[in-house]
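Notes for the structure review
One-letter residues, chain by chain:
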Amino acid sequence: MTVAVFLDRDGVINFDHGYVSSWDQFEFMPGVPEALHGLAQAGYQLVIVSNQSGIGRGFYTEADLRKLNEHINNHLKDSFDIQMAGFYHCPHHPTEAKGEFLMQCDCRKPEPGMILQASRDLGIDVRGSLLVGDKNSDIAAGRAAGVGRLFKVSPQGGCDDGDLDVESISALPDVLSRL
Ligand SMILES: [Mg+2]
């Protein structure tokens, strides 16, 4: 068994410009690669769990997202020597998606499906793991999955649903070293 940091993507890893679907729209938030490196050094697998209803809404395709994930993965590997363990996404939406993507699924956060699937795939001890999100639905998904520690990134402050508020993910390695 291994432990992981389950990472929401938009608003945690990159600026949330809304339905980011290509590398040219993808902008890392400050200090993120360094923070990911620190977390990996501390022994955590790095797993992205991201609601991507833009696929279901027809704004972009699974192939577009795969391409973007490859870019992110290669950039982190080549420039920062960071190995991502997995990218999980939910393409569904219960009311706004089209065709096969229109459904009440068990993967769209706040449901815990992506976290549970990643844990089965990668042999992750959920209880010993962390989750970082910027929305209450991220925190709720982590709680429902039984993730041991939940962090809410809150650059504006005033959020209280996570176990611990951090200003950004860049604060996490330091916060963990003091727990
Ligand atoms: Mg987010």
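Everything in this summary refers to the structure shown in the same document. Counting restarts for each chain: residues are numbered from 1 in the order of the written sequence. Totals for whole chains, interfaces and linings use every residue, but because this is a predicted model, local features are given only for residues with pLDDT of at least 70 and side-chain atom pairs only at 80 or more, for both listing and counting.

Bringing the overall build of the protein chain into the picture now. A tally of regular secondary structure across the protein chain gives six helices and six strands. For the radius of gyration, the atom set is restricted to C-alpha positions; the globular benchmark scales as 2.2 Å times the number of residues to the power 0.38. Against the 2.2 N^0.38 benchmark of 16 Å for 179 residues, the protein chain shows a C-alpha radius of gyration of 15 Å, consistent with a compact globule. Projected onto the principal axes, the alpha-carbon positions of the protein chain cover approximately 50 × 35 × 35 Å. The exposure scheme places C-beta atoms from the backbone and then counts, for each residue, the other C-beta atoms within 10 Å of its own, assigning buried at 20 or more, exposed at 12 or fewer, and partly exposed in between. In the protein chain, buried positions account for 37% of the 179 residues. Contacts spanning at least 24 positions in sequence make up 62% of the contacts within the protein chain whose residues lie at least 6 apart. A run of H or I in DSSP counts as a helix once it spans at least four residues, and a run of E counts as a strand once it spans at least two, with each numbered from the N terminus. Here contacts are defined at the residue level, using C-beta atoms placed from the backbone and a cut-off of 7 Å between them.

Taken together, the buried positions of helix α5 (residues 136-145) are D138, I139, A141, G142 and A145. All buried residues of α5 fall inside an arc of 160° around its axis, so they share one side. Looking at the packing, one finds that the buried side of α5 touches β1 (3-7), α4 (113-122), β4 (130-133) and β5 (149-153). Throughout, the arc means that of the directions going from the helix axis to the C-beta atoms.

If you walk across this open sheet you meet the six strands as β3-β2-β1-β4-β5-β6, and the pairing is parallel. The sheet is open, and its two edges are formed by β3 (86-90) and β6 (164-166), each paired on a single side. Pairs of neighbouring strands in the sheet enclose a mean axial angle of 25°, with direction left out of account. Bridging between β5 and β6 involves three bridges; their strand directions are parallel. Within β6, the residue paired with V153 across the bridge is V166. Against the sheet, α5 makes contact with β1, β4 and β5, and its axis sits at roughly 165° relative to β4, the strand it touches most. Should DSSP find at least two bridges between two strands, the strands are regarded as paired. What counts as an axis is a line fitted to C-alpha atoms, over the stretch in contact for a helix, and the angles between N-to-C directions run from 0 to 180 degrees.

Quick look at unusual backbone geometry now. The residue after K109, namely P110, is reached through a cis peptide bond having omega 25°. On the secondary structure map, P110 appears in the loop between β3 and α4. Within the chain, Y19 stands out as a residue other than glycine whose phi angle is a positive 50°. Among the structural elements, Y19 can be located in the loop between β1 and α1 (32-41). Judged by local crowding, Y19 falls into the partly exposed class, with 14 C-beta atoms found within 10 Å. In this model, D81 sits at a positive phi of 60°, which is unusual for a non-glycine residue. If you trace the backbone, D81 turns up in the loop between α3 (62-80) and β3.

The next point concerns the nonpolar core. Definition of nonpolar core: a set of buried Ala, Val, Leu, Ile, Met, Phe, Trp, Tyr and Cys residues joined via C-beta atoms within 7 Å. V5, F6, L7, I115 and V132 are the most contacted members of the largest nonpolar core, which totals 37 residues. At the level of elements, β1, α1, β2 (44-51), β3, α4, β4, α5 and β5 are the ones that each hand at least two residues to this core. Among the elements that make up this core, the one with the highest residue count is β2 (five residues). Sequence-distant contacts of F6, defined by excluding residues within four places in its chain, comprise V47, V49, I115, S129, L131, G142 and V147.

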